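Here are the chains, one letter per residue:
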Amino acid sequence: MKNTLRILVATDCHLGYLEKDEIRRHDSFQAFEEICSIAEQKQVDFLLLGGDLFHENKPSRSTLVKAIEILRHHCLNDKPVHFQVVSDQTINFPNTFGHVNYEDPHFNVGLPVFSIHGNHDDPAGVDNLSAVDILSACNLVNYFGKMVLGGSGVGQITICPILIKKGSTSVALYGLGNIRDERLNRMFQTPHAVQWMRPEAQEGCQVTDWFNILVLHQNRVKANPKNAINEHFLPRFLDFIVWGHEHECLVDPLEVPGMGFHITQPGSSVATSLIDGESKPKHVLLLEIKGNQYRPTKIPLTSVRPFEYTEIVLKDESDIDSNDQNSIIEHLDKVVQSLIEKSSKRAVNKSELKLPLVRIKVDYSGFMTINPQRFGQKYVGKVANPQDILIFSKASRKGRSDVKIDDSERLRPEELNQQNIEALVAENNLKMEILPVNDLDVALHNFVNKDDKMAFYSCVQYNLEETRSKISQDADPLKFEEEDLILKVGECLEDRVKERNTHSKKDMAFTSSIQSSKDLGSKSSTAVGSAVSFSDDEDTVKASGSKPTRGRKASSKAADDTPIKTSTRGRGRGRGRGTSSLKQTTLDASLGFRQSQRSASAAATATVRSIADTDVMNSASSGEPRENEVEEINDSSENDDSLLSKGRKRTAPRGRGRGSTQSKRGKKSDNSAVQRTLMGRDDSNDDSEDEDNARKILNKSQPRATRNYGALRKGR
């Protein structure tokens, strides 16, 4: 036993599932309590969890308290820990403390718990935290496998193992928390996007002496190759893989042909969707490792609520009349009664018999349906789910069998019957002109399901940075004409849409990549391509009354003076998190026209109006002829806001009124500026010719901040 490392493996505990259901609210906690009890009874070295410890990204206080109570009861004791973590723990556990929990002198941890995050409890929000981070801060769980998707484009990750030694046994434990399947799929196909770190060879321990384990939480069933991870993407040096996220219990390790490693899929400890895959008996796996050999032992969970599932086809039943609804109800009653009796016979502990879950999938082709809620009323107190015992379906007309439909349900049961932005845009025949539909869909998903308040801000910022970098790559951006810039922005949008469609709905770079404000303030980077950059001091235009720099002076200063630095917004393109002290660099500033700071689109519009008013007042006080005044206004519009005026003009969207509304807004502000100009002139010169000149000025592109590209919200 001194050289044998014993690990208890479990995945998808989903603590807090149906916590408002009076019958099933305690099921997830009872199963997790049993898992921890088994770990104590088997005297394992540590408990390994494969993600989705919590059912919700933001669990309730009741769920958090119960989880902490269970972990504290089973994990904190005086039992010795017989293994060592010999790797760099600050890399393995990137939290404030940076070490494994049982080495803390202030805690007596007798049962260490190692866990990654899943898709239900993944990091989100401003500080990129998950519910597992709370348990890690409480020193109850060793949270590993949390990746920061650095780099540009698809991103880059480096997977570093936790090196564990017990006697002569050496184990390298790799962890990969959930990443959206489409994006991780593309990362595996991109050279050098996923880097695996191997332990260095030392005296008495070569690289081949390590037993390599990987814990991941991704889709495995490949109905759509882009929505799942192929086992052949994984490196061949791995020996054993713990696969989370799939709820069907396939705990017996299976070897992947040609890869050399084995995969175990423990499945969930609580049924979260009433399908055939969840009805199989639930197990956990006891993994014993000695040297390069392992021995698996599956252990059944006895506290799980019994679940009986069956499928019937009404047209195959001889005792049913298609025109008699009562005969259908009588037949279904017999099926339900038989399933209840079957579950009672399977019960191991008769004294603690739980109400069973019963699900009947009914193919009613050629028959009438009945009300499932009314049918289930007679089974209140007899089954745990009386409201949804029956689910009706019809045979597919396209020749697809019911088995294939079941496989798709087994793939992502929690995402059925959800409509995304792509479907809404297609249904209403809308035309997106600024942001790609896929990006908005991902941002909405993160905002609703992950409680990410910065999701839409990060989405806009990510696309803004992509547009900036592509436009700045032009040989001479100062020679952009207004129409050229509009076409350039449109081409950038089309390129992004094509890229998103090519790789399906990938996880965008603006998700799960928000950096802390400390990291953000301590790092800097240069602008992309040929863009002229600015320092923090020169990038600031205070709203307290200081005048913004004229376009002519700014451009000449950028061309003549020494290069100026800019403040960074985080790693990657548009993926950082802003702070209150961080200055914003607008699109025109990055191209070298002028610098400003905008906290919102309204503030940007007011700033540009003040520029126009300043030009008008200067021209009026100079006492020059009227023609010179007009020339100065034209010159300011061409130099001060060359990019703003060029970027704001676009064709009105078809079938919508946004374009006309914006043009009215622009005319209103422009009228006030020209009216001040005309007031500074001699009233005797107010003739029709002057009015025509004023209209021409109005029709020319006036300085106005474009909310879509130039104006950024102030970071929090």
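Residues numbered from 1 in each chain as written. Predicted model: local features only at pLDDT ≥ 70, side-chain atom pairs only at ≥ 80, totals over all residues. Heavy atoms only, no water.

## Considering the overall build of the protein
In terms of regular secondary structure, the protein is built from 20 helices and 18 strands. Within the protein, the proportion of its 716 residues that are buried is 50%. At a minimum sequence separation of 6, the contacts of the protein that also span at least 24 residues come to 76%. Just so you have it, the protein exposes about 34400 Å², and 49% of that area is on carbon and sulfur atoms. (Helix = DSSP H or I, 4+ residues; strand = E, 2+ residues; numbered from the N terminus. Buried < 20%, exposed > 50% of the residue type's maximum accessible area, 1.4 Å probe, protein only. Contact = heavy atoms within 4.5 Å. Areas by Shrake-Rupley, 256 points an atom, 1.4 Å probe, with all protein chains shown as cover.)

## Describing the packing of helix α10 (residues 437-449) against helix α11 (residues 455-472)
Remark: α10 packs on α11, axes separated minimally by 8 Å, with the N-to-C direction vectors making an angle of 155°. On the basis of the axis angle, α10 is roughly antiparallel to α11. α11 is crossed by α10, and the crossing has right-handed handedness. Contact residues: α10 offers Asp439, Leu440, Ala443, Leu444, Asn446 and Phe447, while α11 offers Ala455, Phe456, Cys459, Tyr462 and Asn463. Of the residues assigned to the contact of α10 with α11, the class counts are eight nonpolar, two polar and one charged. (Axes fitted to C-alpha atoms, helices over the stretch in contact; angles between N-to-C directions. Parallel < 35°, antiparallel > 145°, perpendicular 65-115°, else oblique. Left-handed = near helix turned anticlockwise from the far one by under 90°. Nonpolar A, V, L, I, M, F, W, Y, C, P; charged D, E, K, R; others polar.)

## Considering the sheet that holds strand β17 (residues 357-363)
Strands belonging to one sheet form pairs held by backbone hydrogen bonds; the direction of such a pair is parallel or antiparallel. Strand order in the open sheet made by the three strands is β16-β17-β18, with parallel pairing throughout. Pairing within the sheet leaves two strands with one partner each, and these edge strands are β16 (307-313) and β18 (390-393). Within the sheet, the average angular offset between the axes of one strand and its neighbour, ignoring direction, is 15°. With four bridges joining them, β17 and β18 adopt parallel strand pairing. Bridge pairing links Lys361 to Ile391 in β18. (Pairing = 2+ DSSP bridges.)

## Regarding α11
For α11, with 18 residues, the first-to-last C-alpha span of 26 Å sits near the 26 Å given by 1.5 Å per residue. Buried residues dominate α11, accounting for 15 of its 18 residues. (Expected span 1.5 Å × (residues − 1).)

## Re the nonpolar core
Core analysis: the largest hydrophobic core is formed by 32 residues, its most contacted members being Leu8 and Phe32. At the level of elements, β1 (5-10), α1 (27-41), β2 (46-49), α2 (61-75), α4 (131-137) and β14 (283-290) are the ones that each hand at least two residues to this core. Of all the elements, α1 adds the most residues to this core, at six residues. When near neighbours in sequence (up to four residues on either side) are disregarded, Phe32 contacts Cys13, Leu15, Leu49, Leu53, Ile70 and Leu71. (Core = buried A, V, L, I, M, F, W, Y, C linked by side-chain atoms within 4.5 Å.)

## What to know about a nonpolar patch on the surface
A cluster of nonpolar side chains, namely Leu444, Phe447, Val448 and Phe456, defines an oily patch on the protein surface of about 320 Å² accessible area. A relative accessible area of 32% places Phe456 in the partly exposed class. (Patch = residues over 30% accessible without salt bridge, like charges linked within 9 Å, V, L, I, M, F, W, Y side chains within 5 Å. Salt bridge = Lys/Arg side-chain N within 4 Å of Asp/Glu carboxyl O.)

## A word on a negative patch on the surface
A cluster of acidic residues, Asp319, Asp321, Asp324 and Glu330, forms a negative patch on the protein surface. Within the secondary structure, Asp321 is located in the loop between β16 and α6 (325-346). (Lys, Arg positive; Asp, Glu negative; His and termini not counted. Charge placed at Lys NZ, Arg CZ, Asp CG, Glu CD.)

## A short note on empty space enclosed by the protein
The final tally for this structure, using the stated rule, is seven cavities of 30 Å³ or more. What lines the second largest cavity is simply Tyr17, Arg24, Asp27, Ser269, Val270, Ala271, Val304, Arg305 and Leu357. The class makeup of the residues in the lining of the second largest cavity is five nonpolar, one polar and three charged. (1 Å grid on protein atoms, 1.4 Å probe; cavity = no way out; pocket = protein on both sides within 12 Å on 5 of 7 lines; lining within 4 Å. Points joined across faces, edges and corners; volume = space filled by probe spheres on them.)

## Comments concerning the state of the cysteines
Per the stated rule, a full pass over the model turns up zero disulfides. Not part of a disulfide, Cys75 finds its nearest cysteine sulfur in Cys36, a span of 5.6 Å. (Disulfide = S-S within 2.5 Å.)

## A few points about the UniProt feature "active site" (unreviewed entry) in the protein
Feature annotation in UniProt assigns "active site" (unreviewed entry) to the following positions: His120. Mapped onto the elements, His120 comes out in the loop between β4 (113-115) and α4. Exposure remark for His120: the relative accessible area of 15% places this residue in the buried category. (UniProt positions renumbered as here; feature names shortened; annotations may be inferred.)

## So, the environment of Ser136
Among the structural elements, Ser136 can be located in helix α4. Leaving out residues up to four positions away in the same chain, Ser136 has contacts with Asn95, Val141 and Tyr143.

## Looking at the packing of aromatic side chains
The tally for this structure, following the rule as stated, stands at 15 aromatic pairs. Note on Trp196 and Phe237: the rings are 6.3 Å apart at their centroids and 80° apart in plane angle, and the pair reads as edge-to-face. Of this pair, Trp196 sits in strand β9 (residues 194-196) while Phe237 sits in the loop between β10 (211-217) and β11 (240-244), placing them 41 residues apart in sequence. Between Phe211 and Tyr294 the ring centres are 6.0 Å apart and the planes differ by 55°, which places this aromatic pair in the tilted class. (Phe/Tyr/Trp six-rings, centres within 6.5 Å; stacked < 30°, edge-to-face > 60°.)

## As for the packing of α1 against α2
In contact at an axis separation of 10 Å, α1 and α2 are set at 15° when each is read in the N-to-C sense. Relative to α2, the element α1 is oriented roughly parallel. Like other packed secondary-structure pairs, α1 and α2 cross with a definite hand, here right-handed. Of the residues in α2, those touching α1 at Phe29, Phe32, Glu33, Cys36, Ser37 and Glu40 are Thr63, Lys66, Ala67, Ile70, Leu71, His73 and His74. Here the residues of the contact of α1 with α2 sort into six nonpolar, four polar and three charged.

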